[in-house]
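Coordinate analysis (summary)
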Amino acid sequence: MQKLKQLYRANYAGENIVTHLTLKNNEWETATEFVPNQVTNARTTTQAVAIGNGESRLEFDLTHLTNHKGGLFGVDKLQSYGCNAIYRDFTPDFLIATGDAITKEIADSGYANSNIVYANATTLLAYPGKFYLIPQNAHFDAGALAIYLACFDGHTTIYMLGYDNYADDVGPLNNVYKDTAGYPTSTDEDNGEFFALSLTDVMKTYNDVDFVRVMPTKDSWMPDRFRPLPNLRQIDYRGFVLEADIG
């Protein structure tokens with residue numbers, strides 16, 4: 001698994017990506033292109049919300065996030081980082097796209113023409129001018145990338161909605177968008193171990209960030225892999241509304 005470095009937008013100019021590979025004399029030669037940082041996030045506050053697509057988030061009305069004022073002068077306004085098909089129902093401040101089918105859907109929909117959508121280098125090359133490069137060209141799942149980008153932007157408290165599927169064994173698919181275009185069906189099974197590994201890596205890399213998993217109840221099941229993390233805690237939706245001052 002790719003190892004992240006603790007980078008921040010404040011000191012990130014951009015990076016080189018591989019645009020072409022050529023096999024010459026039994027060795028691969030690479031052509032690269034520098035992709036500058038094209039996002040200026042001047043509205044960064046101390047707190048953000050990463051929205052996964054686990055089914056637990058259906059119990060929370062996302063319009064509360066759209067209407068969140070963030071107190072005096074908006075200093076505590078939540079910036080939102082959403083995953084994949086959430087754009088069909090909600091417009092986060094930043095969208096993370098992974099997977100061929102969903103990136104094509106987003107590109108074809110026109111959503112990326114007026115919203116910031118992050119993707120990896122392969123997607124940028126496939127759809128020039130549509131997407132923004134994920135720093136470090138990280139190849140994690142969208143949920144892990146959402147909290148990573150919130151950390152990268154300098155948020156120090158990150159609430160996580162819909163972060164459900166982290167069981168170590170195979171179980172029923174848990175996703176808001178199952179049975180829709182680009183997603184598996186209700187009869188498919190899933191193993192959350194990879195998702196748990198990538199999420200843990202981000203939380204360990206940014207060990208000075210307070211990660212808050214928001215679930216229907218404070219005592220909702222917590223994966224064993226997450227329990228030792230000192231910078232992760234779990235609250236319920238009422239606790240989230242009170243703590244983040246969502247009115």
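Up top is the structure.
Now for a look at the structure at hand.

Check the secondary structure of the protein and you find six helices and twelve strands. In summary, the protein has a C-alpha radius of gyration of 18 Å against a globular reference of 18 Å for 247 residues, a match within 12%. In terms of its C-alpha atoms, the protein occupies a principal-axis envelope of roughly 60 × 45 × 35 Å. Residues counted as buried form 48% of the 247 residues belonging to the protein. Looking at the protein alone, contacts between residues at least 24 apart form 61% of all its contacts between residues at least 6 apart. When the accessible surface of the protein is totalled, it reaches about 12100 Å², and 51% of it is carbon and sulfur. Side-chain charges of the protein comprise 19 positive and 31 negative groups, with the mean position of each set lying 4 Å from the other.

Tallied over the entire structure, the rule returns nine salt bridges. In this structure, lysine 178 engages glutamate 55 in a salt bridge whose closest nitrogen and oxygen atoms are separated by 2.9 Å. Of this pair, lysine 178 sits in the loop between strand 9 (170-172) and strand 10 (189-191) while glutamate 55 sits in the loop between strand 3 (47-51) and helix 1 (63-66); the two residues are 123 residues apart in sequence, bridging distant segments of the chain. Lysine 178 sits in the partly exposed class, given a relative accessible area of 23%. Glutamate 105 is the partner of arginine 88 in a salt bridge, and the nearest nitrogen-oxygen pair spans 2.9 Å. Taken as a pair, arginine 88 in the loop between strand 4 (79-83) and strand 5 (94-96) and glutamate 105 in helix 2 (residues 100-109) lie far apart in primary sequence, 17 residues in all. The exposure class assigned to glutamate 105 is partly exposed, which follows from its relative accessible area of 21%.

Look at helix 4 (residues 142-152) against helix 5 (residues 193-205): their axes get within 8 Å of each other, and the N-to-C directions meet at 10°. For the element pair helix 4 / helix 5, the angle class is roughly parallel. Every residue of helix 5 that contacts helix 4 at Gly143, Ala144, Ile147 and Tyr148 is listed here: Ser198, Leu199, Val202 and Met203. Class assignment of the residues belonging to the contact of helix 4 with helix 5 gives a composition of six nonpolar, two polar and no charged.

Definitions and cut-offs
- Residues numbered from 1 in each chain as written.
- Predicted model: local features only at pLDDT ≥ 70, side-chain atom pairs only at ≥ 80, totals over all residues.
- Heavy atoms only, no water.
- Helix = DSSP H or I, 4+ residues; strand = E, 2+ residues; numbered from the N terminus.
- Rg over C-alpha atoms; globule rule 2.2 N^0.38 Å.
- Buried < 20%, exposed > 50% of the residue type's maximum accessible area, 1.4 Å probe, protein only.
- Contact = heavy atoms within 4.5 Å.
- Areas by Shrake-Rupley, 256 points an atom, 1.4 Å probe, with all protein chains shown as cover.
- Lys, Arg positive; Asp, Glu negative; His and termini not counted.
- Charge placed at Lys NZ, Arg CZ, Asp CG, Glu CD.
- Salt bridge = Lys/Arg side-chain N within 4 Å of Asp/Glu carboxyl O.
- Axes fitted to C-alpha atoms, helices over the stretch in contact; angles between N-to-C directions.
- Parallel < 35°, antiparallel > 145°, perpendicular 65-115°, else oblique.
- Nonpolar A, V, L, I, M, F, W, Y, C, P; charged D, E, K, R; others polar.

The values reported here are purely geometric and, on their own, carry no functional implication.
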